[in-house]
Amino acid sequence: MIYKRSSALFAEAEKVIPGGVNSPVRAFKGVGGTPIFVKEAKGAYLYDEDGNRLIDYINSWGPMILGHAYKPVVDAVVEKAKKGTSFGMPTEIETKIAELAVSMVPNIDKIRFVNSGTEACMSAVRLARGFTGKDKIIKFAGCYHGHSDAFLIQAGSGASTFGTPNSPGVTQGTAKDTLLANYNDIDNVKALIQANKGEIACIIIEPVAGNMGCIPPKSGFLESLRVLCDDNNILLVFDEVMTGFRLAKGGAQELYNIKADIVCFGKVIGGGLPVGAFAARDEIMSYLAPLGPVYQAGTLSGNPLAMAAGLAMLEALDGEENVFTRLAEKTEYLHKGISKVLTKNEIKHTINRVGSMISVHFDENEVCDFDTAANGNNDTFKAFFHGLLNEGVYIAPSAFETWFITDALTYEDLDFTINAIDKLAKQI
């Protein structure tokens, strides 16, 4: 494929934007080459500035669960924009989406909307610290909860793509209150709790990790975390920015039947606009200002355009009983097809999948945490990425990212992708 226009646009962008991008993983540093500039998108497809069509498997990193330019969302945003774009005052639509979200998700009474997943996770941890009166948190290596200082300790995703899991600018004072555990290793968590008895406010986790590829929780792992938290007066925080409203109506809490104390949302809940949220039971949420002492605010929180997009998306998901089944079936079909052609061509691989999240790891061993995810053959991944791009298939430009499946994908799209991988595997 030809990417002359994208290359020219990237050169212009580099002059005025650091690295030419506004989020590091877009820069193709992990795979080499020049990023693709998108002109428009519809359904399951991206159309770049050079006129190429690409089957999309990142879907804006998750929110386009029903496809790009989904008509009910677009219509809702257009109609709302005609009435004004921001007021800095309460609006009825904020209550409507809050009521719907609370009805869809188990174990939450109240929800507060913010502007990003980073802001949601940052606010959730502050709330956990304020509620418990304790300072330390446990996070897991390879889990990414946004770029707030407390989370940039082996953060997975873009940080791992660049090989710099600890960011300069994060103070030692902040880092000392973040305890690092191994994903899927309950004994490691127990040891951290024992060594910091009475000091831990919360454990924050991606219930299905998506920032070291898709990493499912091992059987009993989340259940054991819940017991540990109950026994030690620690709040369990689920970062469902990726999994919320994607794996099920009620997210990972519903899928695994685990009750978290605080839940963070993003991606799907905004319908493609910048929205995040965090939610909990009344007792915890009452600690937030203006009811309680924990301060959190945002001028654009509850922005009417974002709320309109999010409400339209949640209404569509709430009203369609079979959407999550369809998504899981399409993802399973893709999984089986990719595995078949990679095995046939003697390419060592492991594929992880939960619902509509999937990732291909170029290592034959189990991939269950940050260290095992890092064992994949990165040279093979680079060839895989660029080979698929040349075939008209776009996946995340990092070996440390999950793919997101959209319901707009047809089985013809899936077959095209599988056949492209078969062709590519012969070359690799």
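Note that the structure is predicted; figures quoted are calculated from it, not measured.

**Details of unusual backbone geometry**
A negative phi angle is the norm for most residues apart from glycine, just as the trans form is the norm for most peptide bonds. For the bond running from Ala289 to Pro290, omega is 10°, close enough to zero to count as cis. One non-glycine residue, Trp61, lies in the positive phi region at around 65°. Along the chain, the position of Trp61 falls in the loop between strand 3 (53-56) and helix 2 (71-81).

**Quick notes on the UniProt feature "modified residue: N6-(pyridoxal phosphate)lysine" (unreviewed entry) in the protein**
According to UniProt, the "modified residue: N6-(pyridoxal phosphate)lysine" (unreviewed entry) feature falls on Lys267. Position of Lys267 relative to the elements: it lies in the loop between strand 9 (262-265) and strand 10 (276-280). Looking at Lys267, the relative accessible area reads 25%, which means it is partly exposed. Beyond its immediate chain neighbours, meaning those up to four positions away, Lys267 contacts Trp61, Gly62, Pro63, Val241, Met242, Gly272 and Val275.

**Digging into the nonpolar core**
Core analysis: the largest hydrophobic core is formed by 113 residues, its most contacted members being Tyr57, Phe140, Val189, Ile203, Leu225, Phe245 and Leu317. Considering every element that reaches this core, the biggest residue donor is helix 11 (residues 304-318), with 10 residues. Taken domain by domain, this core gets at least three of its residues from each of domain 1 (4-69 + 321-426) and domain 2 (71-319). Excluding residues within four positions of it along the chain, Leu225 makes contact with Phe140, Ile186, Val189, Ile203, Ile205 and Leu236. In this structure, Leu127, Ile204, Leu235 and Met285 belong to the second largest nonpolar core, which totals 24 residues.

**Section: the state of the cysteines**
Disulfide: a covalent bond formed between the sulfur atoms of two cysteine residues. Tallied over the full model, the rule gives zero disulfides. No disulfide involves Cys202; its sulfur sits 8.5 Å from that of Cys229, the nearest cysteine.

**Examining helix 3 (residues 92-104)**
The end-to-end C-alpha distance of helix 3, which contains 13 residues, comes to 19 Å, matching closely the 18 Å that a straight helix rising 1.5 Å per residue would cover. If you check which residues of helix 3 are buried, you get Ile93, Ile97, Ala98, Leu100, Ala101 and Met104. Considered in projection along helix 3, the buried side chains sweep an arc of 165° and stay on one side of the axis. Residues Glu92, Glu99 and Ser103 are exposed on helix 3 and point more than 90 degrees away from its buried face. Tucked inside the fold, the buried residues of helix 3 contact helix 2, strand 4 (110-114), helix 9 (251-256) and helix 11.

**Some points on the sheet that holds strand 2 (residues 45-48)**
The strand order across the open sheet formed by four strands is 1-2-3-13, and the pairing between neighbours is mixed. Each edge of the open sheet carries a strand with a single partner, namely strand 1 (38-42) and strand 13 (393-394). Pairing geometry for strand 1 and strand 2, over four bridges, is antiparallel. From the neighbouring strand, Ala41 faces strand 2, where its bridge partner is Leu46. The strands touched by helix 15 (residues 411-427) within the sheet are strand 2, strand 3 and strand 13, with strand 3 carrying the most contacts at an inclination of about 100°.

**Quick word on the side chain of Asp363**
With respect to the secondary-structure elements, Asp363 resides in the loop between strand 12 (357-361) and helix 13 (370-373). Every residue in contact with Asp363, bar those within four places of it in the chain, is listed here: Lys348, His349, Thr350, Asn375 and Gly376.

**Regarding the domain arrangement of the protein**
According to the domain assignment, the protein contains domain 1 (4-69 + 321-426) and domain 2 (71-319). One C-alpha centre belongs to domain 1, the other to domain 2; they are set 25 Å apart. Every contact between the two is made by 36 residues of domain 1 and, on the other side, 41 residues of domain 2. Between domain 1 and domain 2, the buried area comes to about 3,000 Å², and carbon and sulfur atoms account for 67% of it. Here domain 1 is connected to domain 2 by one salt bridge. Close ionic contact of Lys249 with Glu321 constitutes a salt bridge, the shortest N to O distance being 3.2 Å. Run the count over domain 1 and domain 2 and you get 11 residue pairs in polar contact (both at pLDDT 80 or more). Elements with a minimum of two residues in the side of domain 1 that touches domain 2: helix 12 (323-344), strand 11 (350-354), strand 12 and helix 13. Residue contributions to the side of domain 1 that touches domain 2 peak at four residues, all from strand 12. Class assignment for the residues of the side of domain 1 that touches domain 2 results in 21 nonpolar, nine polar and six charged.

**A word on the packing of aromatic side chains**
In total, this model carries 12 aromatic pairs according to the counting rule given. Consider the rings of Tyr333 and Tyr411, whose centres lie 5.0 Å apart with planes at 85°: the pair is edge-to-face. Of this pair, Tyr333 sits in helix 12 while Tyr411 sits in helix 15; the two residues are 78 residues apart in sequence, bridging distant segments of the chain. A relative accessible area of 34% places Tyr333 in the partly exposed class. Taking the relative accessible area as the measure of exposure, Tyr411 reaches 33% and is therefore partly exposed. Ring geometry for Phe385 versus Tyr394: centroids 6.1 Å apart, planes at 70°, classification edge-to-face. As far as the burial class goes, Phe385 and Tyr394 line up, both buried.

**So, the packing of helix 2 against helix 11**
Where helix 2 contacts helix 11, the two axes come as close as 8 Å, and the packing angle between them is 150°. What the angle tells us is that helix 2 and helix 11 run roughly antiparallel. As for the relative orientation of helix 2 and helix 11, their crossing is right-handed in sense. Contacts from Pro72, Val73, Ala76, Val77, Lys80 and Ala81 in helix 2 reach Pro304, Leu305, Ala308, Ala309, Ala312 and Met313 in helix 11. Of the residues assigned to the contact of helix 2 with helix 11, the class counts are 11 nonpolar, no polar and one charged.

Each value, and the rule that gives it
- Residues numbered from 1 in each chain as written.
- Predicted model: local features only at pLDDT ≥ 70, side-chain atom pairs only at ≥ 80, totals over all residues.
- Heavy atoms only, no water.
- Helix = DSSP H or I, 4+ residues; strand = E, 2+ residues; numbered from the N terminus.
- UniProt positions renumbered as here; feature names shortened; annotations may be inferred.
- Buried < 20%, exposed > 50% of the residue type's maximum accessible area, 1.4 Å probe, protein only.
- Contact = heavy atoms within 4.5 Å.
- Core = buried A, V, L, I, M, F, W, Y, C linked by side-chain atoms within 4.5 Å.
- Domains from an automatic or database assignment.
- Disulfide = S-S within 2.5 Å.
- Expected span 1.5 Å × (residues − 1).
- Arc of directions from axis to C-beta.
- Pairing = 2+ DSSP bridges.
- Axes fitted to C-alpha atoms, helices over the stretch in contact; angles between N-to-C directions.
- Buried area = accessible area lost by both parts, 1.4 Å probe.
- Salt bridge = Lys/Arg side-chain N within 4 Å of Asp/Glu carboxyl O.
- Polar contact = N/O pair within 3.5 Å; in protein donor to acceptor, adjacent residues only side chain to side chain.
- Nonpolar A, V, L, I, M, F, W, Y, C, P; charged D, E, K, R; others polar.
- Phe/Tyr/Trp six-rings, centres within 6.5 Å; stacked < 30°, edge-to-face > 60°.
- Parallel < 35°, antiparallel > 145°, perpendicular 65-115°, else oblique.
- Left-handed = near helix turned anticlockwise from the far one by under 90°.

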